[in-house]
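Below, each chain spelled out in residue letters.
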Amino acid sequence: MTLIQSTERLRESIEGQISSGNLSLALRLIQTTVDQVNCEPINVARIFGSKLLDSLCQRIGAVHLRSIDSHSDIVHAKNHPGNLVVYVASRLHPSGGHNSVLADMIRLSPSAHNVILLTGSAGPTNLASIRHHFKGTTEPTIELAPCGTHIQKLDWLQRRLLALAPRTVWLFNHHQDSVAIAAVQPDAGYRLRFYHHGDHHLCLGVHIAYAEHIDMNPFGFHNCRNALGILGNRYLPLTVRDQGVRVIPNGLGTNSNLVTCTAAGSNKISPPYFIRYFEVIPQLLRRTNGQHIHIGPLTKLERYRIRRRLQELGVPYARFIYIPFVESVWKTLHEYKVDLYVGSFPFGGARTMIEVMGAGIPLALHRHATSRILSCLDIADNQVIAWRTPENLYTLVQNISRESLIKHGLAGREKYEEYYREELLIHSLANWEVPTPTPQLLAKYTTDSLQRALDISSQVTFRGAFSRVVARMLQRLKFARA
């Protein structure tokens, strides 16, 4: 599909497809547009939503819903109770915060019968691989849209919503899922809640005016309200189950042999940026003479780059411990006796940070040069250890004392107990009419405009352009399998 460079031409093209009855192509064009924008690293944390794309999705959904109603053959579910809640999602992964948050929402919500409807618009879901996320809950019914075109997926989803007649519908869609945003409609007999978890990129659904807009972290809440003008948004605390605290042993008298850790997949550490994870971690290990635990899937190429750099520095590869998947980051931190958690960069991970704070492990977070949102600093306590350049980090680990590690670990634990305990989310869900107080942002955040300019310059080189072409091809291949 040809990429469109003008907003007006994009609107005309999609409206033309709607007028001619080609709703599937219109949905596909919207999805491709979001993919086009989000494949460009330059756009990350620069655009968050589109009123135009959301309105076009809604228009497509309304047109198709009328065609269903005109010859309704919907068999309404008779066995579901009146408290049925439907969660519409695009895809579930074996790991990642998205699945965990969805599972927590179901587990902690007031008693209800829950159904998860997966559109498959962001790729297929292996049901067997995601069941562990729902342990300890009344396991929800999970239904997958049949393979097919966008309009076939939309038809299935709208028919399922009509048949189920839920009390509440939650949108947990991926950024580009035009089917999910088209399927829901106003005055459909259910309350619609949009859970804004795709908050670093352009995400469909942000500007659905009749939906309750839910933000899960302080920086997302304030950005949506103050920058995007979503004045009716509300904060719902991101929480993690308490699994105990570990206080770092005192009196060791040395800052060497530190055990550090980072939990992140390739999507958080591979985007182009003036510092690279694959360079920083080997240097970090050379300075600490300790171990670094990496939790999260990395590609073979990424692991090779780390191994090669460690060899160049004369650091044994055995000191880099790679764990692609764990059931609990919290428990893994305790198991490996981690002394200091180094937050992922250039993209931070909010939910993982909460696990780290709850576990009583001190954080060292990167102060992103151009984006407060990507730093995730506002999740942490006011005294959190922050660094901007690699040399800042190396100096930090060479000079930090055990007493300082203990102090920061306890401060993070206090922030967890005040803002991120599960009891807070339970209370918010049970008392929906009472808005949850939103944590304030930390002290003034400074950016480096020159660094941003340099980053952009490096990305528009031939090499940068080639890498983005490859990224788009991989995205299209993934979605072609949906």
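For clarity, every value in this text was computed on a predicted model and none was experimentally measured. (Residues numbered from 1 in each chain as written. Predicted model: local features only at pLDDT ≥ 70, side-chain atom pairs only at ≥ 80, totals over all residues. Heavy atoms only, no water.)

Participant: So what's going on with the overall build of the chain? Which residues, and what values?
Facilitator: When helices and strands are tallied, the chain shows 19 helices and 13 strands. Sorting the 482 residues of the chain into buried and exposed places 56% on the buried side. Across the chain, every contact between residues at least 6 apart in sequence was considered, and the portion connecting residues at least 24 apart equals 76%. Put simply, the chain shows about 20800 Å² of open surface, and 53% of that area lies on carbon and sulfur atoms. (Helix = DSSP H or I, 4+ residues; strand = E, 2+ residues; numbered from the N terminus. Buried < 20%, exposed > 50% of the residue type's maximum accessible area, 1.4 Å probe, protein only. Contact = heavy atoms within 4.5 Å. Areas by Shrake-Rupley, 256 points an atom, 1.4 Å probe, with all protein chains shown as cover.)

Participant: Could you give an account of the nonpolar core, with specific residues and numbers?
Facilitator: If you look at the biggest cluster of nonpolar residues, it comprises 58 residues, and the most contacted ones within it are Tyr87, Trp170, Phe172, Tyr195, Leu236, Leu333 and Leu363. Setting aside residues up to four positions removed in sequence, Leu363 forms contacts with Leu340, Tyr341, Met353, Val356, Met357, Ala380, Val384 and Ile385. Listed in part, the 44 residues of the second largest apolar core include Ile14, Ala145, Ile181 and Ala183. (Core = buried A, V, L, I, M, F, W, Y, C linked by side-chain atoms within 4.5 Å.)

Participant: Mind laying out the sheet that holds strand S4 (residues 168–172), listing which residues take part and the relevant values?
Facilitator: Read from one edge to the other, the open sheet built from seven strands follows the order S3-S2-S1-S4-S5-S6-S7, with strand pairing classed as parallel. Each edge of the open sheet is held by one strand with a lone partner, namely strand S3 (141–144) and strand S7 (234–235). Alignment of strand S2 (residues 113–118) against S3, held across four bridges, turns out to be parallel. The residue of S3 that forms the bridge with Ile116 is Ile142. (Pairing = 2+ DSSP bridges.)

Participant: Which residues make up the packing of aromatic side chains, and what values go with them?
Facilitator: One pass over the full model with this rule turns up 13 aromatic pairs. Among the aromatic residues, those joined into a ring-pair cluster are Tyr87, Trp170, Phe172, Tyr195 and Trp432. Its end group placed over the ring of Trp432, Arg193 keeps NZ or CZ at 3.7 Å from the ring centre. (Phe/Tyr/Trp six-rings, centres within 6.5 Å; stacked < 30°, edge-to-face > 60°. Lys NZ or Arg CZ within 6 Å of the ring centre and 35° of its normal.)

Participant: Pulling in residues and values, what's your account of the confidence of the model for the chain?
Facilitator: Per-residue pLDDT for the chain averages 87, and the proportion of residues at 70 or more is 85%. Contacts from residues 250–254, a stretch scored under 50 in pLDDT, to residues over four places away or in other chains number five contacts. Every residue in residues 478–482 scores below 50 in pLDDT, and together they form 14 contacts with partners more than four places removed in sequence or on other chains. (pLDDT = per-residue confidence, 0-100.)

Participant: So, unusual backbone geometry: which residues are in play, and what are the values?
Facilitator: The peptide bond linking Phe345 to Pro346 adopts the cis configuration, its omega dihedral lying at 10 degrees. In the Ramachandran plot, Asp187 falls in the positive-phi region, its phi being about 55 degrees despite a non-glycine side chain. Relative to the helices and strands, Asp187 resides in the loop between helix H7 (178–183) and strand S5 (191–195). Its relative accessible area of 84% is what places Asp187 among the exposed residues.

Participant: Go over the pattern of salt bridges, please, and point to the residues and values.
Facilitator: Under the definition given, this model contains 18 salt bridges. Salt bridges sharing common partners tie together Asp104, Arg107, Arg351, Glu355 and Glu422. (Salt bridge = Lys/Arg side-chain N within 4 Å of Asp/Glu carboxyl O.)

Participant: Requested: an account of the sheet that holds strand S8 (residues 259–263), with residues and values cited.
Facilitator: Strands sit in the order S10-S9-S8-S11-S12-S13 across an open sheet of six strands; the sheet is parallel. Edge positions in the sheet fall to strand S10 (320–323) and strand S13 (385–387), since each has one partner strand and no second. Neighbour-to-neighbour, the strand axes of the sheet open up by a mean angle of 25 degrees, direction not taken into account. Packed on one face of the sheet, helix H15 (residues 390–399) meets strand S11 (340–342), strand S12 (363–366) and S13 and runs near 145 degrees to S13. (Axes fitted to C-alpha atoms, helices over the stretch in contact; angles between N-to-C directions.)

Participant: Kindly report on helix H8 (residues 218–227), identifying the contributing residues and their values.
Facilitator: The element H8 is extensively covered by neighbouring structure, given that seven of its 10 residues are classed as buried. Every buried residue of H8 is listed here: Pro218, Phe219, Gly220, Phe221, His222, Asn223 and Cys224. Tucked inside the fold, the buried residues of H8 contact strand S6 (212–215), S7 and helix H14 (372–375).

Participant: Mind laying out the side chain of Arg402, listing which residues take part and the relevant values?
Facilitator: Locating Arg402 in the fold gives a position in helix H16 (residues 402–419). By relative accessible area, which is 6% here, Arg402 ends up buried. Reaching out from Arg402, the side chain makes a polar contact with the side chain of Asp339 at a distance of 2.9 Å. (Polar contact = N/O pair within 3.5 Å; in protein donor to acceptor, adjacent residues only side chain to side chain.)

Participant: Would you mind going over the packing of helix H10 (residues 277–288) against H15 in detail, with residue names and values included?
Facilitator: Where H10 contacts H15, the axes come no closer than 10 Å and their chain directions differ by 25 degrees. In terms of their interaxial angle, H10 and H15 are classed as roughly parallel. Like other packed secondary-structure pairs, H10 and H15 cross with a definite hand, here right-handed. In this structure, H10 contributes Glu279, Val280, Gln283, Leu284, Arg287 and Thr288 to the contact, and H15 contributes Pro390, Glu391, Leu393, Tyr394, Val397 and Gln398. Split into classes, the residues belonging to the contact of H10 with H15 amount to six nonpolar, three polar and three charged. (Parallel < 35°, antiparallel > 145°, perpendicular 65-115°, else oblique. Left-handed = near helix turned anticlockwise from the far one by under 90°. Nonpolar A, V, L, I, M, F, W, Y, C, P; charged D, E, K, R; others polar.)

Participant: Any details on the packing of H10 against helix H11 (residues 300–313)? Residues and values, ideally.
Facilitator: The geometry of H10 relative to H11 is characterised by a closest axis approach of 9 Å and an angle of 40 degrees between their N-to-C directions. The handedness of the crossing between H10 and H11 is right-handed. Contact with H10, carried on its side by Tyr277, Phe278, Glu279, Pro282, Gln283, Leu285 and Arg286, involves Glu302, Arg305, Ile306, Arg309, Leu310 and Leu313 of H11 and no other residues of that element. Its residues assigned to classes, the contact of H10 with H11 comprises seven nonpolar, one polar and five charged.

Participant: Now, about the environment of Gln311: what can you tell me, with residues and values included?
Facilitator: By secondary structure assignment, the location of Gln311 is in helix H11. Sequence spacing of Gln311 and Pro282 is 29 residues, and the spatial spacing of their C-alpha atoms is 9.0 Å.

Participant: Can you lay out the pairing of S10 for me, pointing to particular residues and giving the numbers?
Facilitator: By the bridge criterion, four bridges tie strand S9 (residues 291–295) to S10 in an arrangement that is parallel. What sits directly across from Ile295, in S10, is Ile323. Viewed along the sheet, the connection from S9 through H11 into S10 turns out right-handed. (Right-handed = clockwise from strand over helix to strand, strands pointing away.)

Participant: A description of the environment of Arg193 should follow, citing residues and the corresponding values.
Facilitator: Examined against the element boundaries, Arg193 turns out to sit in strand S5. Between the alpha carbons of Arg193 and Tyr87 there is a distance of 9.5 Å; along the sequence they are 106 residues apart. Residues within four places of Arg193 in sequence aside, it is in contact with Thr168, Val169, Trp170, Leu171, Glu212, Ile214 and Trp432. Only 3.0 Å separates the side chain of Arg193 from the side chain of Glu212, close enough to count as a polar contact.

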